[in-house]
Structures are given as structure tokens and as C-alpha cells.
Amino acid sequence: MKKKVIPTSDVIIDPEIRRKARRMIEKPAPPPAKCVICGSPCAPTSTEGLCWVCRRLKISAWRDSDTQAASQE
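In what follows, the accompanying structure is described.

Basis of the calculations
- Residues numbered from 1 in each chain as written.
- Predicted model: local features only at pLDDT ≥ 70, side-chain atom pairs only at ≥ 80, totals over all residues.
- Heavy atoms only, no water.
- Helix = DSSP H or I, 4+ residues; strand = E, 2+ residues; numbered from the N terminus.
- Buried < 20%, exposed > 50% of the residue type's maximum accessible area, 1.4 Å probe, protein only.
- Contact = heavy atoms within 4.5 Å.
- Areas by Shrake-Rupley, 256 points an atom, 1.4 Å probe, with all protein chains shown as cover.
- Salt bridge = Lys/Arg side-chain N within 4 Å of Asp/Glu carboxyl O.
- Polar contact = N/O pair within 3.5 Å; in protein donor to acceptor, adjacent residues only side chain to side chain.
- Disulfide = S-S within 2.5 Å.

With that out of the way, let us pick up the overall build of the chain. Secondary structure summary: the chain contains two helices and zero strands in total. Out of the 73 residues belonging to the chain, those deemed buried represent 11%. Across the chain, every contact between residues at least 6 apart in sequence was considered, and the portion connecting residues at least 24 apart equals 0%. Put simply, the chain shows about 7,100 Å² of open surface, and 61% of that area lies on carbon and sulfur atoms.

Turning our eyes to something else, we now look at the pattern of salt bridges. Following the criterion strictly, the structure yields four salt bridges and no others. One salt bridge connects E16 with R19, and the closest N-O pair in it is separated by 2.6 Å. Of this pair, E16 and R19 both sit in helix α1 (residues 15-26), separated by three residues, roughly a single helical turn. A salt bridge links E48 to R55; the nearest nitrogen and oxygen atoms lie 3.3 Å apart.

This next bit is on the side chain of S46. Counting through the fold element by element, S46 comes out in the loop between α1 and α2 (52-72). Among the polar contacts listed, one links the side chain of S46 to the backbone nitrogen of G49, at a separation of 3.2 Å. A distance of 3.0 Å separates a polar atom in the side chain of S46 from the backbone nitrogen of L50.

For the rest of this paragraph, the subject is the state of the cysteines. Tallied over the entire structure, the rule returns zero disulfides. No disulfide involves C38; its sulfur sits 3.6 Å from the nearest other cysteine sulfur, which is in C51. With a relative accessible area of 46%, C38 lands in the partly exposed category. In this structure C42 is a free cysteine whose sulfur lies 5.6 Å from that of C35, the closest cysteine sulfur available.

Structure, rendered in C-alpha cells:
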């Protein structure tokens, strides 16, 4: 069974949408921000400006300080 060929004249794409899509493809991505601690590229989802390594170290330090505070009480 052969596929039906849709003529390109039947498919209408708004020229403005086409221009926007073309601009999005052509525009280079901005360089990633630098980590405030070590200077390596930041994690894309980081809100505090940390790379993934520094972020993990920060989370681990919080976890350690929470367990120490709980054992002192």
C-alpha cells in the first residue's frame, strides 16, 4: 500500500510563524553562566548560580549540618 502524497500547495504555514521558527534555529545559544564558587559553567536549572558539583556539595553540607543539629538536641 502506497502512502498518499500531500501536495505542498495544500499545506499552508503562516509566513510569520515560519520566520520566527527560522530565527530561533539561527540564533546561537547564549553562553552558560559561570559558577560563583569555582567558575565552571552553571547547571541549566540552577537558580543560585552554582554548577552541579558545587550544588551537590552545598546540599550534602546542609544534610550533614541538619543531622549534627538533631543529635545535639
